[in-house]
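# Architecture and fold: a report
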Amino acid sequence: MSKMWEGRFSKALDSQADDFNSSIHFDSRMFRQDIGGSVAHAAMLAAKGIIGAEDADMIIGELGRILQDLESGALPVDFAAEDIHMFVEAELTKRIGDVGKKLHTARSRNDQVAVDIRLYLRDEAADIIQMLHTLLEAILSQAKQHKQTIMPGYTHLQRAQPITFAHHLLAYGMMFTRDIDRITDAVKRMNVCPLGSCALAGTTYDTDREMTAKALGFDGITLNSIDGVSDRDFCVELLSAFATVMMHLSRFSEEIILWASWEFKFIELDDAYTTGSSIMPQKKNPDIAELVRGKTGRVYGDLMAMLTVLKGLPLAYNKDMQEDKEAIFDAIDTLKQCLIVFPPMIQTMKALPNNMLQAAQKGFINATDLADYLTKKGLPFRSAYKIVGQIVAYCIEKNTVLEALPLETYQQFEPTFEQDVYEEIALTTCVEKRISAGGTGLASIEVQIAYVENFLK
Ligand code: ARG
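Residues numbered from 1 in each chain as written. Predicted model: local features only at pLDDT ≥ 70, side-chain atom pairs only at ≥ 80, totals over all residues. Heavy atoms only, no water.

A count of helices and strands for the protein gives 19 helices and six strands. Its C-alpha atoms give the protein a radius of gyration of 31 Å, clearly above 23 Å, the size a compact globule of 457 residues would have. Dimensions of the protein along its principal axes, counting C-alpha atoms only, are 100 × 55 × 40 Å. Within the protein, the proportion of its 457 residues that are buried is 50%. In the form shown here, the protein has an accessible surface area of approximately 21,900 Å², with 54% of it arising from carbon and sulfur atoms. For the protein, the distance from the average position of its 46 positive side-chain charges to the average position of its 63 negative side-chain charges is 2 Å. (Helix = DSSP H or I, 4+ residues; strand = E, 2+ residues; numbered from the N terminus. Rg over C-alpha atoms; globule rule 2.2 N^0.38 Å. Buried < 20%, exposed > 50% of the residue type's maximum accessible area, 1.4 Å probe, protein only. Areas by Shrake-Rupley, 256 points an atom, 1.4 Å probe, with all protein chains shown as cover. Lys, Arg positive; Asp, Glu negative; His and termini not counted. Charge placed at Lys NZ, Arg CZ, Asp CG, Glu CD.)

Turning our attention to the site of the ligand. Near the ligand you find Ser23, Asp27, Asp83, His85, Arg109, Asn110, Val113, Tyr317, Gln322 and Lys325, and these make up its full shell. In this structure, a nitrogen atom belonging to the ligand sits 2.8 Å away from a side-chain N or O atom of Gln322. If the ligand stood free it would expose 340 Å²; the protein chains cover 85% of that surface. In terms of residues, the shell around the ligand owes the most to one element, helix 6 (residues 109–145), which gives three residues. Of the residues belonging to the shell around the ligand, the class tally is two nonpolar, four polar and four charged. (Near = heavy atom within 4 Å. Polar contact = N/O pair within 3.5 Å; in protein donor to acceptor, adjacent residues only side chain to side chain. Nonpolar A, V, L, I, M, F, W, Y, C, P; charged D, E, K, R; others polar.)

What follows is about the pairing of strand 2 (residues 158–164). Examined bridge by bridge, strand 1 (residues 150–155) and strand 2 share six bridges and lie antiparallel to one another. Bridge pairing links Ile150 to Thr164 in strand 2. (Pairing = 2+ DSSP bridges.)

Leu121, Phe176, Ile183, Leu249, Phe252 and Ile256 are the most contacted members of the largest nonpolar core, which totals 74 residues. For this core, the secondary-structure elements that each account for two or more residues are helix 6, helix 7 (165–190), helix 10 (233–259), helix 11 (287–310), helix 12 (323–348), helix 13 (353–361) and helix 19 (442–456). Among the elements that take part in this core, helix 10 stands out by supplying 15 residues, more than any other. Setting aside residues up to four positions removed in sequence, Phe176 forms contacts with Leu132, Leu135, Leu136, Ile139, Val245, His248, Leu249 and Phe252. (Core = buried A, V, L, I, M, F, W, Y, C linked by side-chain atoms within 4.5 Å. Contact = heavy atoms within 4.5 Å.)

Two side chains of opposite charge can pair, provided their charged atoms sit close to one another. In the structure shown here, the tally under the stated rule is 32 salt bridges. Close ionic contact of Glu397 with Lys398 constitutes a salt bridge, the shortest N to O distance being 4.0 Å. Since its relative accessible area comes to 46%, Lys398 is described here as partly exposed. The residue Glu424 makes a salt bridge to Lys433 at a minimum N-O spacing of 3.0 Å. A relative accessible area of 16% places Glu424 in the buried class. Through salt bridges with shared partners, a single ionic network connects Glu62, Arg65, Asp69, Glu91, Lys94 and Arg95. (Salt bridge = Lys/Arg side-chain N within 4 Å of Asp/Glu carboxyl O.)

Another point: the side chain of Glu124. As for its placement among the helices and strands, Glu124 is situated in helix 6. The contacts of Glu124, once residues within four sequence positions are left out, are Ile332 and Lys336.

A contiguous nonpolar surface patch, about 270 Å² in accessible area, is contributed by Leu200, Ile226 and Leu315. Among the structural elements, Leu200 can be located in the loop between strand 3 (192–193) and helix 8 (209–215). (Patch = residues over 30% accessible without salt bridge, like charges linked within 9 Å, V, L, I, M, F, W, Y side chains within 5 Å.)

Our focus in this paragraph is the packing of helix 7 against helix 19. With their axes 10 Å apart at the nearest point, helix 7 and helix 19 run at an angle of 30° to one another. As the angle between them shows, helix 7 and helix 19 are arranged roughly parallel. Here helix 7 and helix 19 pass one another in a crossing that is left-handed. Residue-level contacts link Ala166, His167, Leu170, Met174, Thr177, Ile180 and Asp181 of helix 7 to Ile445, Gln448, Ile449, Tyr451, Val452 and Phe455 of helix 19. Here the residues of the contact of helix 7 with helix 19 sort into nine nonpolar, three polar and one charged. (Axes fitted to C-alpha atoms, helices over the stretch in contact; angles between N-to-C directions. Parallel < 35°, antiparallel > 145°, perpendicular 65-115°, else oblique. Left-handed = near helix turned anticlockwise from the far one by under 90°.)

Looking now at the state of the cysteines. Inspection of the entire model under this criterion finds zero disulfides. No disulfide involves Cys193; its nearest neighbouring cysteine sulfur is the one of Cys198, lying 11 Å away. (Disulfide = S-S within 2.5 Å.)

Moving on, we get to unusual backbone geometry. In this chain, Leu315 is followed by Ala316 through a cis amide linkage whose omega measures 0°. Here His156, not a glycine, exhibits a phi torsion of approximately 55°, which is positive. Turning to its location among the elements, His156 is positioned in the loop between strand 1 and strand 2. In this model, Cys198 sits at a positive phi of 60°, which is unusual for a non-glycine residue.

Below, the discussion takes up the side chain of Asp55. You can see Asp55 is positioned in helix 4 (residues 53–72). When residues no more than four places from it in sequence are discounted, the contact partners of Asp55 are Val99 and Lys102.

Its place among the elements puts Met190 in helix 7. Residue Met190 is classed as buried on the basis of its relative accessible area, which comes to 3%. Met190 sits 48 residues away from Leu238 along the chain, and the two C-alpha atoms are 9.4 Å apart. Apart from residues lying up to four places away in sequence, Met190 is in contact with Arg118, Leu121, Arg122, Phe218, Phe234 and Leu238.

On to the packing of aromatic side chains. The description of an aromatic ring pair rests on the distance of the ring centres and on the angle between the ring planes. Enumeration over the complete set of coordinates arrives at 12 aromatic pairs. Here the aromatic rings of Phe264 and Phe266 are separated by 5.3 Å at their centres, their planes lie at 85°, and the arrangement is edge-to-face. When its relative accessible area of 19% is taken as the criterion, Phe264 is described as buried. Taken together, the ring pairs in this structure connect Tyr373, Tyr410, Phe417 and Tyr422 into an aromatic cluster. Positioned above the aromatic ring of Phe218, the side-chain terminus of Arg122 is 5.1 Å from the ring centre. In this arrangement the basic side chain of Arg382 is found over the ring face of Tyr385, its NZ or CZ atom lying 4.9 Å from the centre. (Phe/Tyr/Trp six-rings, centres within 6.5 Å; stacked < 30°, edge-to-face > 60°. Lys NZ or Arg CZ within 6 Å of the ring centre and 35° of its normal.)

This is the structure:
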């Protein structure tokens, strides 16, 4: 394909170098944004008298038809073009001749690419936020069914204190609300328009950058044209937010994998979200959760690639920056794939409350409550803690649990114990009495559910 810059050169680009240099294979997905940016630019050029109104109409009309043809598939993308910006401009000129050549007045591909990627990411971020909403709804629906389903809470993966399944699920709910906030916040900072920065120094034409910014739905314009074309902070910020979402999905996946194992059996995943083994007939594997966990590394890699591309890069545009797109597109595609399958997997998984309760009944999960019981009867907490430690050691030796220990035995350790101790260390009591804000008690769970519901409104 002939090059826009061929006047300066006496020889064509080597064909392999040309392929290497080209980005159309991955940036053609931004065709809508590219055409949208060009339409706004042409309208502004006419409004400022830089090109004639008739020329602008012709350009805008044809860009509309090119968009339609790309959408319908009538116009295939020509992968011989260097990138989507060159392709659209070349197609325009092919269709309307010299008038098409006026479009590139007072702009550069550097600001085009900076605009297009912002517009593209703004749309994708909105999609991802919507998908996170769906995930939060799935979490809420499970949490509402299990406000009083008791399970062991863990620290160090050792049974620690009884909690409810809703409480555990809502912890993930909180993470995903923060993720949405993080993405929203990054988009807010990104939503300023670099169009009109031109190559780097601005332009000699009397342009109206506010006009194009407004037409494209930006909140304002970038104030420094060098920064306008050099900045990819928003890619780093969004990638970091996406990597954090993946980290949360990965922690959730890990727990789902554990819970679905025979050792735990706290949940049963729906058949639609598990796979069998080619050799072991009994197997039901949590592949979907495992893959989500596995794909997290990829998205971390995309973030690292982006940071590394920008490290030490002098101002303004350098071709290195073409690498921004593959990293962030891969992160978006990967995250979206995960967010398609994850919510229905959560929605359809079946909790097994009896197994959760059984697991909670072992492991001295109510030992803290036993110590609190003595403290409320007047012992200093540290003394109570020590006595309970001795009782636990005794139970382990006798292969029994706190609930089954006779009152006389309790009283041998500490005469303050009375019959009411059993009521106090019953698991339901332990959960109900966790009345502190944010705790596992029912009132707090209701507050957490209401918070997420409100967040979704
Ligand atoms: N394909 C390029 C990119 O994605 C567009 C900008 C090229 N600008 C230039 N001066 N070579 O970054």
